Amino acid sequence: MRAPEEIILQPLVTEKTTGLMAENKYTFIVDRGANKIEIKNAIEKLFNVKVLKVNTLMDRGKMRRVGRYQGRQPDRKKAIVTLRPGDKIKVFEGLE
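Keep in mind that what you see is a predicted model, and the values were worked out from it rather than measured. (Residues numbered from 1 in each chain as written. Predicted model: local features only at pLDDT ≥ 70, side-chain atom pairs only at ≥ 80, totals over all residues. Heavy atoms only, no water.)

Caption draft 1: The arrangement of the sheet that holds strand E1 (residues 8-11) in detail. As summarised here, the arrangement of the four strands in space is E1-E2-E6-E3, forming an open sheet in which the pairing is antiparallel. Here the strands that pair on one side only, and so sit at the sheet edges, are E1 and strand E3 (51-59). Geometrically, the sheet is characterised by an average inter-axis angle of 30° between neighbouring strands, direction not taken into account. Summarising the sheet, strand E2 (residues 25-30) and strand E6 (residues 76-83) pair through six bridges and their orientation is antiparallel. (Pairing = 2+ DSSP bridges. Helix = DSSP H or I, 4+ residues; strand = E, 2+ residues; numbered from the N terminus. Axes fitted to C-alpha atoms, helices over the stretch in contact; angles between N-to-C directions.)

Caption draft 2: Here's a closer look at the pairing of strand E5 (residues 69-72). Where strand E4 (residues 63-66) lies against E5, four bridges are found, and the strand directions are antiparallel. For Val 66, the partnering residue across the bridge sits in E5 and is Tyr 69. If you look at the hairpin formed by E4 and E5, you'll find two residues sitting between the two strands, and Gly 67 has a positive phi there, around 65°.

Caption draft 3: Highlighting helix H3 (residues 36-47). With twelve residues, H3 ought to run about 16 Å at 1.5 Å a step, and its terminal C-alpha atoms sit 16 Å apart, in line with that. On the buried face of H3, the contacting elements are helix H1 (4-7), E1, E2, E3 and E6. Near the N-terminus of H3, the side chain that reaches the backbone nitrogen of Ile 37, with its oxygen 3.2 Å away, is that of Asn 35. Once H3 ends, the next one or two residues include Asn 48, with phi positive near 60°. (Expected span 1.5 Å × (residues − 1). Contact = heavy atoms within 4.5 Å. Polar contact = N/O pair within 3.5 Å; in protein donor to acceptor, adjacent residues only side chain to side chain.)

Here it is in structure tokens:
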């Protein structure tokens with residue numbers, strides 16, 4: 001069993017994700033090998049909330065270029081977590 005800190009890497013804060021907070025949905029960048037059950041348990045342990053639903057998606061890294069050199073950004077996995085009505089995550093408090 002992995003520690004919750006190894007599964008949840010960081011919160012993802014963009015215009016779209018701040019709009020989702022009104023629907024009680026929070027977005028995180030998670031470990032690429034984590035499944036929905038591990039993500040749900042990690043969020044519940046870290047933030048002391050009840051998770052109703054977890055949606056995941058893989059983001060492929062974009063191609064980047066500097067002069068004649070070309071490379072890729074790393075792939076990442078995102079998780080959109082729906083919480084029980086009334087629950088909030090403190091990390092996102094000032095963003096709404």
